[in-house]
Amino acid sequence: MMREQPNPETSTTPPWGDPVIRELMLDTDPYQSCDDCFDQMDEMIEAFITGTSTFSEAFRVHLRGCRACCEEALSLAEIIAPEYGKNPDTVGTEIQQLVRG
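Computed from a predicted model, the values in this text were never measured in an experiment.

> Go over helix α2 (residues 34-50), please, and point to the residues and values.
The first and last C-alpha atoms of α2 sit 24 Å apart over 17 residues, in line with the 24 Å expected at 1.5 Å per residue. At M41, α2 shows its maximal bend, which comes to roughly 50°. What α2 keeps buried is the set C37, M41, M44, I45, A47, F48 and I49. Contacts made by the buried residues of α2 are with α3 (57-65), α4 (67-80) and α5 (88-100).

> So what about the pattern of salt bridges? Which residues, and what values?
Between side chains of opposite charge, a pair can form as their charged atoms come close. Under the definition given, this model contains 1 salt bridge. For R60, the salt bridge identified is with E57, shortest N-O distance 2.8 Å. Remark: E57 and R60 occur in helix α3; sequence separation between them is 3 residues, near one turn of the helix. You can call R60 buried: its relative accessible area is 14%. E57 gets classed as partly exposed once you look at its relative accessible area, which sits at 43%.

> How would you sum up the packing of α2 against α5? Please name residues and give values.
The axes of two packed helices give the description: the angle between them and the distance between them. Between α2 and α5, the shortest axis-to-axis distance is 11 Å and the interhelical angle comes to 110°. Compared by their axis directions, α2 and α5 come out roughly perpendicular. α5 is crossed by α2, and the crossing has right-handed handedness. Together, I45, F48 and I49 of α2 and V91, E94, I95 and L98 of α5 make up the contact between the two elements. When the residues that make up the contact of α2 with α5 are grouped by side-chain class, the tally is 6 nonpolar, no polar and 1 charged.

> Explain a negative patch on the surface to me, and be specific about the residues and the numbers.
A surface patch of negative charge is lined by D42, E43, E46, E72 and E83. Per element, the largest residue contribution to the negative patch is 3 residues, and it comes from α2. Look at E46 and you get partly exposed, because its relative accessible area is 35%.

> Lay out the packing of α3 against α5 with the relevant residues and their values.
Between α3 and α5, the shortest axis-to-axis distance is 8 Å and the interhelical angle comes to 95°. Classified by the interaxial angle, the pair formed by α3 and α5 is roughly perpendicular. For the pair α3 and α5, contact is made by R60, L63 and R64 and by L98, V99 and R100, respectively. Each residue belonging to the contact of α3 with α5 can be placed in one class, and the counts come to 3 nonpolar, no polar and 3 charged.

Here is what the cut-offs are and how they apply
Residues numbered from 1 in each chain as written. Predicted model: local features only at pLDDT ≥ 70, side-chain atom pairs only at ≥ 80, totals over all residues. Heavy atoms only, no water. Helix = DSSP H or I, 4+ residues; strand = E, 2+ residues; numbered from the N terminus. Expected span 1.5 Å × (residues − 1). Bend = angle between axes of the 7 residues up to and from the residue. Buried < 20%, exposed > 50% of the residue type's maximum accessible area, 1.4 Å probe, protein only. Contact = heavy atoms within 4.5 Å. Salt bridge = Lys/Arg side-chain N within 4 Å of Asp/Glu carboxyl O. Axes fitted to C-alpha atoms, helices over the stretch in contact; angles between N-to-C directions. Parallel < 35°, antiparallel > 145°, perpendicular 65-115°, else oblique. Left-handed = near helix turned anticlockwise from the far one by under 90°. Nonpolar A, V, L, I, M, F, W, Y, C, P; charged D, E, K, R; others polar. Patch = residues over 30% accessible without salt bridge, like charges linked within 9 Å, V, L, I, M, F, W, Y side chains within 5 Å. Areas by Shrake-Rupley, 256 points an atom, 1.4 Å probe, with all protein chains shown as cover. Lys, Arg positive; Asp, Glu negative; His and termini not counted. Charge placed at Lys NZ, Arg CZ, Asp CG, Glu CD.

Dropping the structure here:
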């Protein structure tokens, strides 16, 4: 039996798909709040770009589960990567790979 697809013009149901559902169900241990993530972001991104450190497990897990903080981290990396002679696109890809595991 075929399931009828909702009409996006008349549907009140958000267009959530499998990726959104998977993100909502991700394991968030060890827990880190958005405030804590934001407080550490400058230091973590700079250390990652310079190669002096990688992300803490809590920071990485939080970015994996929080789209807003992940986008903020990627934007920050894009801004400061050229200061260290790094390609912003390459750094962004490396961060996404690290966060997604």
